[in-house]
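# Examination of the molecular architecture
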Amino acid sequence: MKNDSLVPVQLWEGDNKNLVEKTIAFLQLNFCINKSIDNFSECYCNNCRKLKSFSHSSVLWLKPQKSYSVDLIEQIFEKIQFNLDKDQKFFFVLEKAHLLTAATANKILKILEEPPVGYNFILLTNNIKIILPTIKSRSLIKQFPKAEFEIDFEEYPLLKYFIEKQKLNDPITFESDLKKLELNETDSLEILNILFNYFSKKQILCDKNETKEYALNVVNFIKKQILIPPQSGSSNLFWKNVYLNFPQK
Ligand SMILES: [Zn+2]
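Small disclaimer: the values here were computed from a predicted structure and weren't measured.

### Things to note about the nonpolar core
Ranked by size, the top nonpolar core spans 28 residues in total, and within it Leu158, Phe162, Leu195, Phe199, Trp239 and Phe246 carry the most contacts. When residues of this core are traced back to their parent elements, those giving at least two are helix 6 (160–163), helix 7 (171–181), helix 8 (185–205), helix 9 (209–227) and helix 10 (235–245). Once residues lying within four places of it in the same chain are set aside, the contact partners of Trp239 are Leu158, Phe162, Phe174, Leu178, Leu183, Ser188, Ile191, Leu192 and Leu195. Within the second largest apolar cluster, 26 residues are counted, among which are Leu62, Tyr68, Ile76 and Phe92.

### Considering the pattern of salt bridges
Across all of its chains, the model carries eight salt bridges by this definition. Of the charged contacts, one joins Lys96 and Glu155 as a salt bridge, the two residues approaching to 3.9 Å between their closest N and O atoms. Within this pair, whereas Lys96 is found in the loop between strand 3 (90–94) and helix 4 (102–113), its partner Glu155 is found in the loop between strand 5 (140–143) and helix 6, the two being separated by 59 residues in sequence. When salt bridges with common partners are traced through the structure, they connect Lys160, Asp177 and Lys180 into a single cluster.

### Comments concerning the packing of aromatic side chains
What the rule picks out here adds up to 21 aromatic pairs. Geometrically, the ring pair formed by Tyr161 and Phe174 is edge-to-face, given 5.1 Å between the ring centres and 85 degrees between the ring planes. In this pair, Tyr161 sits in helix 6 while Phe174 sits in helix 7, placing the two residues 13 residues apart along the sequence. A residue is classified by how much of its surface remains accessible, and Phe174, at 2% relative accessible area, is buried. Of the aromatic side chains, those joined through ring pairs into one cluster are Tyr161, Phe162, Phe174, Tyr198, Phe199, Tyr214, Phe221, Phe238, Trp239, Tyr243 and Phe246. For the cation-ring pair, Lys63 lies above Phe54, with the distance from its terminal atom to the ring centre recorded as 4.1 Å.

### Topic: the coordination of the zinc ion
For the zinc ion, the full set of protein donor atoms is Cys32 (SG), Cys43 (SG), Cys45 (SG) and Cys48 (SG), at a range of 2.2 to 2.3 Å. Read in sequence order, the donor residues for the zinc ion give the motif C-x10-C-x1-C-x2-C. Taken together, the positions of Cys32 in the loop between helix 1 (16–31) and helix 2 (46–52) and Cys48 in helix 2 put the pair 16 residues apart, joining distant regions of the chain. Using a relative accessible area of 0% as the deciding quantity, one classes Cys48 as buried.

### Here we look at the sheet that holds strand 2 (residues 59–62)
One open sheet holds the five strands; their spatial order is 2-3-4-1-5, and the pairing between them is parallel. Lying at the two open borders of the sheet, with one neighbouring strand each, are strand 2 and strand 5. Put simply, the sheet's adjacent strands are angled 15 degrees from each other on average, direction ignored. Across five bridges, the pairing between strand 1 (residues 9–13) and strand 4 (residues 119–125) is parallel. In the strand pairing of strand 4, Gln10 is matched with Ile122.

### A closer look at unusual backbone geometry
Here Asp87, not a glycine, exhibits a phi torsion of approximately 70 degrees, which is positive. Tracing the sequence through the fold places Asp87 in the loop between helix 3 (70–80) and strand 3. Although it is not a glycine, Lys96 sits at a positive phi angle of roughly 50 degrees. Lys96 gets classed as buried once you look at its relative accessible area, which sits at 16%.

### Topic: the domain arrangement of the chain
Each assigned domain of the chain is listed here: domain 1 (4–143) and domain 2 (157–245). Domain 1 and domain 2 are separated by 33 Å when their C-alpha centres are compared.

### A few points about the packing of helix 3 against helix 4
The N-to-C vectors of helix 3 and helix 4 enclose an angle of 15 degrees; their axes lie 10 Å apart at closest approach. Taken together, helix 3 and helix 4 sit at an angle that is classed as roughly parallel. Remark: the crossing between helix 3 and helix 4 carries left-handed chirality. Residues Val70, Ile73, Glu74, Ile76, Phe77 and Ile80 of helix 3 form the contact with helix 4, whose own contacting residues are Thr104, Lys107, Ile108 and Ile111.

### Side note on the environment of Trp239
Along the chain, Trp239 falls in helix 10. Here the side chain of Trp239 touches Ser188 through a polar contact of 2.9 Å, side chain to side chain.

Parameters at a glance
- Residues numbered from 1 in each chain as written.
- Predicted model: local features only at pLDDT ≥ 70, side-chain atom pairs only at ≥ 80, totals over all residues.
- Heavy atoms only, no water.
- Core = buried A, V, L, I, M, F, W, Y, C linked by side-chain atoms within 4.5 Å.
- Buried < 20%, exposed > 50% of the residue type's maximum accessible area, 1.4 Å probe, protein only.
- Helix = DSSP H or I, 4+ residues; strand = E, 2+ residues; numbered from the N terminus.
- Contact = heavy atoms within 4.5 Å.
- Salt bridge = Lys/Arg side-chain N within 4 Å of Asp/Glu carboxyl O.
- Phe/Tyr/Trp six-rings, centres within 6.5 Å; stacked < 30°, edge-to-face > 60°.
- Lys NZ or Arg CZ within 6 Å of the ring centre and 35° of its normal.
- Donors = N, O, S within 2.8 Å, 3.2 Å for Na, K, Ca; no water.
- Pairing = 2+ DSSP bridges.
- Axes fitted to C-alpha atoms, helices over the stretch in contact; angles between N-to-C directions.
- Domains from an automatic or database assignment.
- Parallel < 35°, antiparallel > 145°, perpendicular 65-115°, else oblique.
- Left-handed = near helix turned anticlockwise from the far one by under 90°.
- Polar contact = N/O pair within 3.5 Å; in protein donor to acceptor, adjacent residues only side chain to side chain.

This is the structure we're talking about:
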């Protein structure tokens, strides 16, 4: 990890929550005051505390909403006008870099090609395939594979309703979450696929017969849903039906 820190543009792929943790640990490696520490998650020195709360003055952490806006990207340009002192380091973290639009990605290409001395970029994504090739070619790519059953609930908030048992009895919160998410047909298929993979693995890997049987029920149920996916504009209705008819344990 120490050598990698010399590469100024890095593109990390994995699930968002894991990447955020990895990024904080990586930044701690650069900024922690406590030289003797083995486990950074236990360090609460002044710098580590600020890094963990995303408030360190040498890090600009960008978290896009639905996609990267020009205003958000503009913060990078405002910062890099200033030369850093010798040996000073500054990090830009671009969370969910797959949400860079063509316009915003093109805007930062030049700086990614040759970042001013001391400036570093860490781009995080859950899907490297949809990152512009021009960005990929400028980056050191690192992949953090998902743990077997790990689901990124932050990235896909709807999943918790189907995976956490008790959530199947909360239709009101479900409906209000569903409204906020504004899912389209592509999102819906992606979520169905994640559910399908999750329960398929569970069915194969779990030892308990009861769990296996339930997982198989769910797999069959989801197969049916994938065959009749939502049409344009009908995703909310589709998910309400899935929720109501989802197999109960
Ligand atoms: Zn520390």
